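# Summary of the model geometry
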Amino acid sequence: MAAVIDNATHPAFEKLRSHRIDTLNLDVEEYRHKKTGARHLHLAADNDENVFFVALRTFPMDSTGVAHVLEHTALCGSERYPVRDPFFMMIRRSLNTFMNAFTSSDWTAYPFASMNRKDFDNLLSVYMDSVFFSKLDPLDFAQEGHRLEFEKPDDPSTDLVYRGVVYNEMKGAMSAPTSQLWQNLSSHLFPTTTYHYNSGGEPDHIVDLSYDDLIRFYRHHYHPSNAIFATYGNIPAHEHHERFEELALKRFDKLDIELPVRDEKRMYAPVRVEQGYGVSEGEDTDNKTHIVVGWLLGHSFDLQENLEGQLLSAVLLENSASPLMRALETTDIGLAPSPMCGLEDSNREMTFVCGIEGSEPEKQKDLEGLLESTLQKVVDDGVSEERLEAILHQLELHQREIAGDSFPYGLQLIMSAISPMVHGGDPVELLDLEPVLATLREKIRDPQYIPGLIRNKLLNNPHRVTLTLRPDDQLDARRQQAIREALAKRKAELSSEEVTQIVERAQALEERQMRKDDDSILPKVDLTDVPLQMPEPEGRFDGEISATVFARGTNGLIYEQVVLPLPDLTEEELLLLPYYSALISEVGCGDLDYLQMQDRISAESGGIGASFTAKGRIDDVQALSGYMIFSGKALARNRMALTKLLRDVYTSARFDETDRIREIIAQIRARREQAVTGSGHALAMGAAAQGLSTGSWLAFRLGGLAGIRGTKELDQSLKDPAALDAFCQSLAKLHSRIRKQAREFLVIGEEEHLPALIDDLKSCWQDEEGVESSRWSMEPVSFETREAWLTSTQVNFCARAYSTVPIDHPDAAALTVLGGFLRNGYLHRAIREKGGAYGGGAAQDSVNGNFRFFSYRDPRLAETLEDFDNALLWLQETDHEYQELEESILGVIGQLDRPRSPAGAARHAFHNKLFGRSPEQRARFRERVLSVTLEDLKRVATTWLVPEKASTAVVTGPENRSLVEGLGLSIQEL
């Protein structure tokens, strides 16, 4: 359906233009606020999930993280809502589908989304007040940014320490070598502009930020004249304007805001830099150096420059058949291509980066030589028109696809338009790619077009930085020693008055954190606003070919899955599944080697892949069933090509290209190791829950900490050619077993394309017979865990888990509500606000039948584990109000009703049915959630969350070895 056009314009705004984009089924409307000059981009679409987004251009000129700390502090109370924590309080009083705030390198944004109009209006009033009339209490700055405290806040005889949410968040973020790699590369590519600095903040610099600096930055940047509003959905623009004007804009006049926005001064010769990054003391440093080369390109907001940058990146790096990616994957200079490889186009000027990880410092010039010779070869040989057509096909497919399964679709569109709006470009051009794709199709007919781009943008571009980031097992110790000495010196210089001030501020902050605010001033939705059961897409079944078919508005794309029950597997075969799934779309097939297959996949589809999924029954989490799923998507015109592609991979995937398989395993290892500091809380929860059910054990062994350790061991073992051959033979044998299984299909597309799609399936698959064999199952698992996993991290991730119940058990609903209740009422305050961790909470996992506590980027360890236990005491010993319960129920309902993309909703419905999650079962669970009482919460906690039966796991640094041993945790080396 077309978007509803409303031509009314609010008198405070002037309409600049309206532009229809048929490929996205929306109208782009652009407005300017007459008095302040604030801009508003409205994407009018026939979608109930309305999105609001306001961005302020923020260009910090240091690494104190001022924009980031301000983003946090602005949400801690405002003129109209002078409560301590309106942002987190609104999360609990809302049916939002998305709520957040984030700091980019040159803008700070405050977005939310909701499908409920009352809720949307509530959130808008709080967000507008928070942004434009923030209180910025000094105690909130101390809590969210940084503060000096004594180790025991009320005992001046203890050591001074730094605390603060953003301080600990960035300690965690900058623990990752990839974060250091990007920040260091940017600082050298951009020696004079805002991108030289870490907008999130460097921990060592965050502590230099003063409260007065924060206030100055707020007054300069947080003004409507510096604001960009963006909205998406079916609320007309003039209704937004009425609210914007009433809530904030009428109180402001135009302000000329000076911001340091300019192009970087160009370098006339390449620069080489070597720097260190911290690894654990005594850790082996062989093959742990990262070497990357970055070039500064043209303006991101110039559509021609932008798409030429994307074209260049895709030609060189899209897949393993791309010349630069192939060179990086096959070289012995390092173990794998750098995760930095690609085009960064969110800054004012773009950067192109490529490089290697798992190398040595002395290989820097070897890498430069490899890159230059590879680029020169592409210039000399050119690129085939077929390859370029395949790349343009990918751009078209990416633009057409309606996403939104993990992030609201409207917000994704806004995010792609915000960069040109910040930097002075045209957001409509970047959303409406059809005209420029047509222009590019003309240009690629010139065989010198791509060679010319490579010469001009890379080979002859002297603004280039080569960064070597080498491991240093003494760096963290030197940093910690320097911090300790600086704090000791600071403490020695404190006057008695300053000591009193530090103690009194800590006391005042704790009193503020413990204070119960009058939250009645905040708007809210309640259970009467909860919609009835959300409608689910219904598929129809074609028994002739065992296909479930969904007619969905997919904007010209089709989706296919081949679904196979797992045969009875040994444990050794089971542990192969993650590698099998990752490799199947990366190896050769039939007569085609892997390079030819990469080209075929790119030309004929939007990508194919395989995944393994396993769940217990709705009444027994130990009774697992599992499926292997081959998936693909394509533009509707390529439906037959996609069907043949999936069938060919299913029948003829080859596991005989040993060098290729060795390369991919090395890449998997590198990615898995890098994921630890970003996903430490999930990994700790997985480790804590490993013994509580078969599904938890499987997740821990395949994708959790044990899986990461297993991948490291596998990668090491495959250096032996005999072991590599045996591994490849095992994969081939596993493939042969899986493909013999009886199969069924899932097909999603627009109604007019479905009959032909079904005909394609029947003609392609008629000769492939599957047989129903004995299905895979597992013996029940039940044991308690107490483990500490040591890795290189400056912060901790703590978890505790309890065995509970499956989804259809009467207590599952109360346990699910309990997770939010404990987070809202106790854990958020104890772990984040008082403890200084970036996050913490609790949740019931009814798929695997366990309840889990967690903390994320946490400076504490033993104290956090105590907080998990104290949360259960608080639950039993405190008198609670019904509103706290209602807020937790709303949170669960919001998750149950979270909208998905058209294809995602169909996939979700199909896979629910596959595992016995019928609409009736889900309706039953929803009704139970809505009827949970406070007594139910106390009862299920007493029944299932018994501290003596808890399993515990933490991810921490080696310096905490003696501490975790003292807690009775066994040491596991990652």
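Preceding this section is the structure that the text describes.
Not measured: the values here are computed from a predicted model. Per chain, residue numbering runs from 1 following the sequence as it is written. Local features in a predicted model are, by the rule used here, given only for residues with pLDDT of at least 70; side-chain atom pairs are given and counted only at 80 or more, and totals for whole chains, interfaces and linings are based on all residues. Each side-chain value is worked out from all heavy atoms of the structure, with water and hydrogens disregarded.

## Quick look at the overall build of the chain
The criterion, for reference: In this text, helices come from DSSP runs of H or I with a minimum length of four residues, and strands from runs of E with a minimum of two, each type numbered from the N-terminal end. Two things to know: the radius of gyration comes from C-alpha atoms, and the globule rule equals 2.2 Å times the number of residues to the power 0.38. Three exposure classes are used, based on accessible area relative to the maximum for each residue type with a 1.4 Å probe and protein chains only: buried under 20%, partly exposed in between, and exposed over 50%. Note on contacts: a residue pair is in contact if any heavy atoms of the two residues lie within 4.5 Å. Shrake-Rupley sampling with a 1.4 Å probe provides the accessible areas, and residues are treated as covered by the protein chains on show and by no other component. Just so you know, the count uses Lys and Arg for positive and Asp and Glu for negative, and it drops His and the chain ends. One atom stands in for each charge, and that atom is NZ of Lys, CZ of Arg, CG of Asp or CD of Glu.
The helix and strand inventory of the chain stands at 35 helices and 28 strands. Against the compact-globule benchmark of 30 Å for 974 residues, the chain has a radius of gyration of 28 Å, which places it among compact chains. Put simply, the chain has 974 residues, and 60% of those count as buried. Intrachain contacts of the chain at a sequence separation of at least 6 include 82% that bridge at least 24 residues. Accessible surface computed for the chain: about 37,200 Å², of which carbon and sulfur atoms make up 48%. The chain carries 104 positive and 152 negative side-chain charges, and their two centres are separated by 1 Å.

## A short note on the side chain of Glu 149
Worth spelling out the cut-off: What qualifies as a polar contact is a pair of N or O atoms within 3.5 Å, subject to a donor-acceptor requirement within protein and to the restriction that residues adjacent in sequence count only when both atoms come from side chains.
Here Glu 149 shows up in strand E8 (residues 147-150). A distance of 2.8 Å separates the side chain of Glu 149 from the side chain of Arg 147, its partner in a polar contact. When neighbours within four sequence positions are excluded, Glu 149 is seen to be in contact with Asp 159, Leu 160, Val 161, Arg 163, Ile 502, Ala 506 and Leu 509.

## Description of the packing of helix H3 (residues 117-132) against helix H9 (residues 237-247)
Relative placement of two packed helices is described by the angle separating their axes and the distance separating the axes. Spelled out, the test is: Angles here are taken between N-to-C directions and fall from 0 to 180 degrees, while the axes themselves are lines fitted to C-alpha atoms, restricted in helices to the stretch in contact. Left-handed describes a crossing in which the near helix is turned anticlockwise from the far one by less than a right angle; the clockwise case is right-handed.
The interhelical angle for the contact between H3 and H9, taken along N-to-C directions, is 35 degrees, at an axis separation of 10 Å. Viewed along their axes, H3 and H9 form a crossing whose handedness is right-handed. Judged by residue contacts, Arg 117, Phe 120, Asp 121, Leu 124, Ser 125 and Met 128 of H3 engage Glu 239, His 240, Arg 243, Phe 244 and Leu 247 from H9.

## Examining the sheet that holds strand E21 (residues 620-635)
Short version of the rule: One requirement defines pairing of two strands: DSSP has to find at least two bridges between them.
One open sheet accounts for six strands, arranged E17-E18-E22-E19-E21-E20; its pairing is mixed. Each end of this open sheet is capped by a strand with a single partner; those strands are strand E17 (540-542) and strand E20 (608-617). For this sheet, the mean angle separating the axes of adjacent strands, direction not counted, is 25 degrees. Two strands pair when backbone bridges link them, and strand E19 (residues 557-565) and E21 are joined in this way by nine bridges, in the antiparallel orientation. Its bridge partner being in E21, Leu 557 is matched across the sheet by Leu 635. Against the sheet, helix H22 (residues 639-652) engages E19, E20 and E21, with an angle of about 135 degrees to E21.

## Remarks on the pattern of salt bridges
Pairs can form between side chains of opposite charge whenever their charged atoms are close. We apply this condition: Each salt bridge in this description consists of a side-chain nitrogen of Lys or Arg and a carboxyl oxygen of Asp or Glu lying within 4 Å of one another.
Scanning the entire structure with this criterion turns up 77 salt bridges. In this structure, the salt-bridge partner of Glu 30 is Arg 39, at a minimum N-O distance of 3.1 Å. Judged by relative accessible area, Arg 39 falls into the partly exposed class, the value being 23%. Arg 660 serves as the salt-bridge partner of Glu 329, at 2.7 Å between the closest nitrogen and oxygen.

## What to know about the layout of surface pockets
What counts is decided by this rule: For cavity detection a 1 Å grid was placed over the protein atoms alone, and a set of points counts as a cavity when a 1.4 Å probe fits there but cannot get out; an open set counts as a pocket when protein lies on both sides within 12 Å along at least five of seven lines, with lining residues being those that have an atom within 4 Å of a point. Grid points are joined across faces, edges and corners, and a volume is the space filled by probe spheres set on the points. Throughout this entry, Asp, Glu, Lys and Arg are counted as charged residues, while Ala, Val, Leu, Ile, Met, Phe, Trp, Tyr, Cys and Pro are counted as nonpolar. The remaining residues, Gly among them, count as polar.
Here the second largest pocket is characterised by a volume of approximately 1,700 Å³. Among the elements of the structure, E8, strand E9 (160-163), helix H5 (165-173), helix H18 (475-493), helix H19 (496-514) and helix H30 (862-877) are those that each provide at least two residues to the lining of the second largest pocket. Element by element, the count of residues in the lining of the second largest pocket is highest for H18, at eight residues. In terms of residue class, the lining of the second largest pocket is built from 19 nonpolar, 13 polar and 18 charged.

## Describing helix H29 (residues 812-834)
To keep things clear, this is the line we draw: Multiplying 1.5 Å by the helix residue count minus one yields the expected span of that helix.
Over its 23 residues, H29 runs 30 Å from end to end, which matches the ideal 33 Å to within 8%, given 1.5 Å per residue. Most of H29 sits out of view: 21 of its 23 residues are buried. Just downstream of H29 lies Gly 836, where phi reads positive at about 85 degrees.

## Details of unusual backbone geometry
The phi dihedral of Asn 25 falls on the positive side, at around 55 degrees, and the residue is not glycine. Following the sequence through the fold, Asn 25 ends up in the loop between strand E1 (13-21) and strand E2 (26-33). At Ser 546, a position not held by glycine, the phi torsion is positive, near 55 degrees. Looking at the element boundaries, Ser 546 is found in the loop between E17 and strand E18 (547-551).

## Describing the packing of aromatic side chains
Threshold: For Phe, Tyr and Trp, where Trp contributes only its six-membered ring, two rings pair if their centres lie within 6.5 Å, and the inter-plane angle classes them as stacked under 30 degrees, edge-to-face over 60, or tilted in between. Think of it as a cone above the ring: NZ of Lys or CZ of Arg counts as a charge over the ring if it is within 6 Å of the ring centre and within 35 degrees of the ring normal.
Throughout the structure, instances matching the rule amount to 36 aromatic pairs. Put simply, the rings of Phe 52, Phe 87, Phe 88, Phe 112, Phe 120, Tyr 127, Phe 132, Phe 133, Phe 229, Phe 244 and Phe 252 touch in pairs and so form one group of aromatic residues. The ring of Phe 133 has Arg 251 lying over it, and the distance from NZ or CZ to the ring centre is 4.0 Å.

## Some points on the pairing of E18
Of all five residues that make up E18, four are buried, and the element is covered over most of its length. Strand direction decides the pairing type here: E17 and E18, joined by three bridges, are antiparallel. Looking at the pairing, Arg 540 lines up with Val 549 of E18. The hairpin turn running from E17 into E18, its antiparallel successor, is four residues long, and Ser 546 in that turn takes a positive phi close to 55 degrees. Both E18 and strand E22 (residues 744-749) contribute to a ladder of five bridges, which runs parallel. Pairing of Val 549 across the sheet is with Val 747, part of E22.

## Considering the nonpolar core
To be explicit about the condition: The definition of a nonpolar core used throughout is a set of buried Ala, Val, Leu, Ile, Met, Phe, Trp, Tyr and Cys residues joined through side-chain atoms within 4.5 Å.
Membership of the largest hydrophobic core comes to 64 residues, with the highest contact counts inside it found for Phe 52, Tyr 110, Met 128, Phe 132 and Phe 229. Of the residues forming this core, the biggest block, eight residues, is contributed by H3. Not counting residues within four places of it along the chain, the set of residues in contact with Phe 229 comprises Ala 38, Arg 39, His 40, Leu 41, Phe 52, Phe 53, Val 54, Met 128, Phe 132, Phe 244 and Leu 249.

## Regarding the sheet that holds strand E24 (residues 797-803)
The strand order across the open sheet built from six strands is E25-E26-E24-E27-E23-E28, with neighbouring strands paired in mixed fashion. Here the strands that pair on one side only, and so sit at the sheet edges, are strand E25 (839-845) and strand E28 (970-973). Geometrically, the sheet is characterised by an average inter-axis angle of 15 degrees between neighbouring strands, direction not taken into account. Two strands pair when backbone bridges link them, and E24 and strand E26 (residues 850-856) are joined in this way by five bridges, in the antiparallel orientation. Opposite Tyr 802, over in E26, you have Phe 851 as the bridge partner. In the packing of H29 onto the sheet, the strands contacted are E25 and E26, and the crossing angle to E25 comes to about 170 degrees.

## As for the environment of Gly 770
Mapped onto the secondary structure, Gly 770 falls in the loop between helix H28 (754-765) and strand E23 (786-790). Not counting the four nearest positions on each side in its chain, Gly 770 is found in contact with Lys 740, Gln 741, Ala 742 and Arg 743.

## Points about helix H10 (residues 303-317)
With 15 residues, H10 extends 21 Å from end C-alpha to end C-alpha; this agrees with the ideal 21 Å at 1.5 Å per step. Of all 15 residues that make up H10, twelve are buried, and the element is covered over most of its length. Restricting attention to buried positions, one finds in H10 the residues Leu 303, Asn 306, Leu 307, Glu 308, Gly 309, Leu 311, Leu 312, Ser 313, Ala 314, Val 315, Leu 316 and Leu 317. For H10, the N-terminal capping position is held by Asp 302, with its side-chain oxygen 3.0 Å away from the main-chain nitrogen of Gln 304.

## Quick word on the state of the cysteines
For the record, the criterion: For this text, the term disulfide refers to a pair of cysteine sulfurs within 2.5 Å.
Counting across every chain of the model gives zero disulfides. Free cysteine: Cys 589, not disulfide-bonded; nearest cysteine sulfur from Cys 764 at 13 Å. The exposure class of Cys 589 is buried, given its relative accessible area of 6%.

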